[in-house]
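Remarks on the overall topology
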Amino acid sequence: MNLFLKSNIKQIRKGGINLFIKKLVRLFLLVRLLPIYVIALFFVLIIRIIKPFLLIRFRGIYSARIGHFAGETEQYLCERDSNINTPNRRYLDIFYLAHKPICNKYLGKMWGRIINIWPAFFVKPIHNLNKLIPGFQAHEIGNNTSWDRDVHNLLDKLPSHLTFTDEEKSKGKAFLKSIGIKKGEKFVCLHVRDDSYLKKSLKNIDFSYHDYRNSDIDNYVLAAEALADLGYYVLRMGVHVNKKIPTENPKIIDYASSKLRTDFLDIYLAGHCSFCISTGSGFDNIITILRTPIVFVNMLPVGYSILFSKSYLLIPKHHYSLKLKRRLTMSEIFSFGVGFCKKSECFDEKNIDVIENTPEEIKEAALEMVMRIEGSWDMNSQDILNQEKFKEIFPNNAIDPISKQKLHGKIESNISSYFLRENPEWLN
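Here goes a summary of the coordinates provided.

Thresholds, definitions, all that
All chains use their own residue numbering, which begins from 1 and follows the written sequence. It should be noted that, the model being predicted, local features are given only for residues of pLDDT at least 70 and side-chain atom pairs only at 80 or more, the latter also being counted only at that level, while totals for whole chains, interfaces and linings use all residues. The basis for the side-chain values is all heavy atoms of the structure; hydrogens and waters are excluded. Classification of residues uses two cut-offs on accessible area relative to the type maximum, computed with a 1.4 Å probe and protein chains only: under 20% is buried, over 50% is exposed, and between them is partly exposed. Secondary structure elements follow DSSP: runs of H or I no shorter than four residues count as helices, runs of E no shorter than two count as strands, and numbering proceeds from the N terminus. In this description, contact between two residues means that some pair of their heavy atoms is separated by no more than 4.5 Å. Here a strand pair is declared whenever DSSP counts at least two bridges between the two strands. Whether a crossover is right-handed comes down to one check: with the strands pointing away from the viewer, does the path from the first strand over the helix to the second run clockwise; if it does, it is right-handed. A pair is scored as a salt bridge if a Lys or Arg side-chain nitrogen falls within 4 Å of a carboxyl oxygen belonging to Asp or Glu. Side-chain atoms within 4.5 Å link the members of a nonpolar core, which is a set of buried Ala, Val, Leu, Ile, Met, Phe, Trp, Tyr and Cys residues. For Phe, Tyr and Trp, rings pair up if their centres lie within 6.5 Å, where Trp contributes its six-membered ring, and each pair is then called stacked (planes under 30 degrees apart), edge-to-face (over 60) or tilted (otherwise). Only when the NZ atom of a Lys or the CZ atom of an Arg is both within 6 Å of the ring centre and within 35 degrees of the ring normal do we say a charge sits over the ring. Axis definition: a line fit to C-alpha positions, over the contact stretch in the case of helices; interaxial angles, taken between N-to-C directions, run 0 to 180 degrees. By the definition used in this description, the sense in which the near helix is turned from the far one sets the handedness, with an anticlockwise turn below a right angle giving left-handed and a clockwise turn giving right-handed. The classification used treats Ala, Val, Leu, Ile, Met, Phe, Trp, Tyr, Cys and Pro as nonpolar, Asp, Glu, Lys and Arg as charged, and all other residues, Gly among them, as polar. Our working definition of a disulfide is a cysteine sulfur pair at a distance within 2.5 Å.

Here the focus is helix H8 (residues 263-272). Buried residues dominate H8, accounting for seven of its 10 residues. Every buried residue belonging to H8 is among Phe-264, Leu-265, Asp-266, Ile-267, Tyr-268, Leu-269 and Ala-270, and all of these are buried. Buried residues belonging to H8 abut helix H3 (105-111), helix H5 (166-178), strand E3 (187-190), strand E4 (233-236) and helix H9 (284-289).

Below you can see the structure in the form of structure tokens.
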């Protein structure tokens, strides 16, 4: 017992010392930042004084996650160009990269050519101090209509704001040549979400509640090899991945597992591939902002499906009810309360297993996209009815349960015709 007490006292003392050290570090940082905040206060006063003549607004960009960094910024620019959520007076918008690690530094460089991105160490104190003064709301850029969700269907109406310089184009072409992709040859990007990036890059945060969104790369080999048979190269994308794609096919390149990967190439390849096969991850937003067609597979949650563009094709994960011992229809997915589940625990509580798309379903969706792009896709009458029925049933007026923001605009995307043919009960 004495040994037990001594051990606990030792741990308590150690914990107390650690807490004391943390407080000392915090105090040191506050003292070090004091001069910066004194200077920042001066700028806040200037900003308030000139407000009648020039409204200055601020926003910290969520730069640690590629989806937010790409999608929300592009939506801001699209809404700005469409006079949505913009002041009807003279204004200046200033951004800063608010979160570390910065997920893609080259994207930050490219955004810096388009919007005002100022150093965080200078702008953040001004932004923070300004929030302490009444009337600060006018100086907030605020969120887009619905974050990175294109509820106004602007992506199909406007060109991409992200463009490549001649130097960047030459650099990208040189890379493609170096890996054997000659001028005029086509390639497809393949991005399969797993938990590797979040575990390695944001290791202090537990993102296990996102596990329901992950997929097994093995299930994509059939699709990749079918594309290779048609003459396409397939580049497996990703910053960190759990395992390599299991194939020896020379046209399938595991770029993510190689030493070739760079922040620049991630963006260049996304903007120059014929299309991308993806799984509802942050990388999708690099693809969408560059207006590249996408096949979304294993989409989940169904209520958050990306349906804004005519150049998207989707298939959702299957929802299996342990209680009913069968797969749910699309209507049941929502009536059972799992259409907007954003945590693995939510599906567990509802006794629903989410099942990945089969290799055959993924392959057929990819081949359908090839034919759509090449202009050889032809839907029969039943296919047309299926697509119409999907758009009738899907709750396009859905509101996000947490943010209370609109999730969808006009439903422009299609569900894989093969998926609907093979799962006719899904539309019942």
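Now that the structure is up, let's keep going.
The next thing to look at is the pairing of strand E1 (residues 55-61). Regular strands have side chains that alternate between both faces of the sheet. Of all the seven residues making up E1, six are buried; the element is thus mostly covered by neighbouring parts of the structure. Of the strand pairs in this sheet, E1 and strand E2 (residues 91-97) are connected by seven bridges, and their pairing is parallel. If you follow Ile-61 over to E2, its bridge partner there is Leu-97. Note on the crossover from E1 through helix H2 (residues 66-81) to E2: the handedness is right-handed.

This part covers the pattern of salt bridges. A side chain with one charge may pair with a side chain of the opposite charge, provided their charged atoms come close. Taken as a whole and judged by the stated rule, the model has 18 salt bridges. Among the charged side chains, a salt-bridge network with shared partners connects Asp-216, Asp-218 and Lys-243.

Take the nonpolar core next. Ranked by internal contacts, the top residues of the largest apolar core, which has 95 residues, are Leu-269 and Ile-277. Not counting the four nearest positions on each side in its chain, Leu-269 is found in contact with Phe-175, Leu-176, Phe-187, Cys-189, Leu-235, Met-237 and Tyr-255. Residues Ala-40, Ile-56, Ile-94 and Tyr-96 belong to the second largest nonpolar core, which totals 11 residues.

On to the sheet that holds strand E12 (residues 414-415), then. The strands making up a sheet associate through backbone hydrogen bonding, with each pair oriented either parallel or antiparallel. Pairing is parallel across the open sheet formed by seven strands, whose spatial order is E5-E4-E3-E6-E7-E8-E12. The sheet is open, and its two borders are formed by strand E5 (252-253) and E12, each paired with just one other strand. Two elements, strand E6 (residues 276-278) and strand E7 (residues 294-299), share three bridges in a ladder whose sense is parallel. When the sheet's bridge partners are listed, Ser-278 is paired in E7 with Phe-296.

In the structure shown here, the tally under the stated rule is 15 aromatic pairs. A centroid spacing of 6.3 Å and a plane angle of 15° characterise the contact between Phe-390 and Trp-426, whose relative ring orientation is stacked. Placement of Phe-390 in helix H13 (residues 381-393) and of Trp-426 in the segment after helix H14 (417-422) is noted, with a sequence separation of 36 residues between them. When its relative accessible area of 6% is taken as the criterion, Trp-426 is described as buried. Consider the rings of Phe-419 and Trp-426, whose centres lie 5.5 Å apart with planes at 80°: the pair is edge-to-face. Cluster of aromatic residues (ring-pair linked, three or more members): Tyr-304, Phe-334, Phe-340, Phe-390, Phe-394, Phe-419 and Trp-426. Across the ring face of Phe-264, the terminal group of Lys-171 is positioned such that the distance to the ring centre comes to 4.6 Å. Between Lys-251 and the ring centre of Tyr-233, over which it is positioned, the NZ or CZ distance is 3.9 Å.

Turning to unusual backbone geometry, a few remarks are in order. Cis geometry marks the peptide bond from Lys-100 to Pro-101, where omega comes out at 0°. Looking at where Pro-101 falls in the secondary structure, it is placed in the loop between E2 and H3. The backbone of Asn-153 sits at a positive phi, close to 50°, despite the residue not being glycine. Position of Asn-153 among the secondary structure elements: in the loop between helix H4 (120-130) and H5. The phi dihedral of Arg-291 is positive, around 65°, even though this residue is not glycine.

Contact geometry for helix H7 (residues 221-229) and helix H12 (residues 359-374): axes closest at 7 Å, N-to-C directions at 35°. Two packed elements cross with a definite hand, and for H7 against H12 that hand is right-handed. Together, Leu-222, Ala-223, Ala-226 and Leu-227 of H7 and Pro-359, Glu-360, Ile-362, Lys-363, Ala-366, Leu-367 and Val-370 of H12 make up the contact between the two elements. For the contact of H7 with H12, a count of residues per class yields nine nonpolar, no polar and two charged.

What follows concerns the sheet that holds strand E11 (residues 352-355). Spatial strand order, E10-E9-E11: three strands in an open sheet with antiparallel pairing. One side of each edge strand has no neighbouring strand; the edge strands of this open sheet are strand E10 (326-327) and E11. Bridge count for strand E9 (residues 318-321) against E10 is two bridges, and the pairing is antiparallel. When the sheet's bridge partners are listed, Tyr-320 is paired in E10 with Arg-327.

Right, let's get into the state of the cysteines. Each disulfide consists of one covalent bond between the sulfur atoms belonging to two cysteines. On inspection of all chains with the given rule, the structure shows one disulfide. Covalent S-S linkage joins Cys-341 and Cys-346, the inter-sulfur distance amounting to 1.8 Å. Since a negative S-S torsion denotes a left-handed disulfide, the Cys-341-Cys-346 link at about -45° is left-handed. The same class applies to Cys-341 and to Cys-346, which are both buried. No disulfide involves Cys-273; its nearest neighbouring cysteine sulfur is the one of Cys-189, lying 3.7 Å away.

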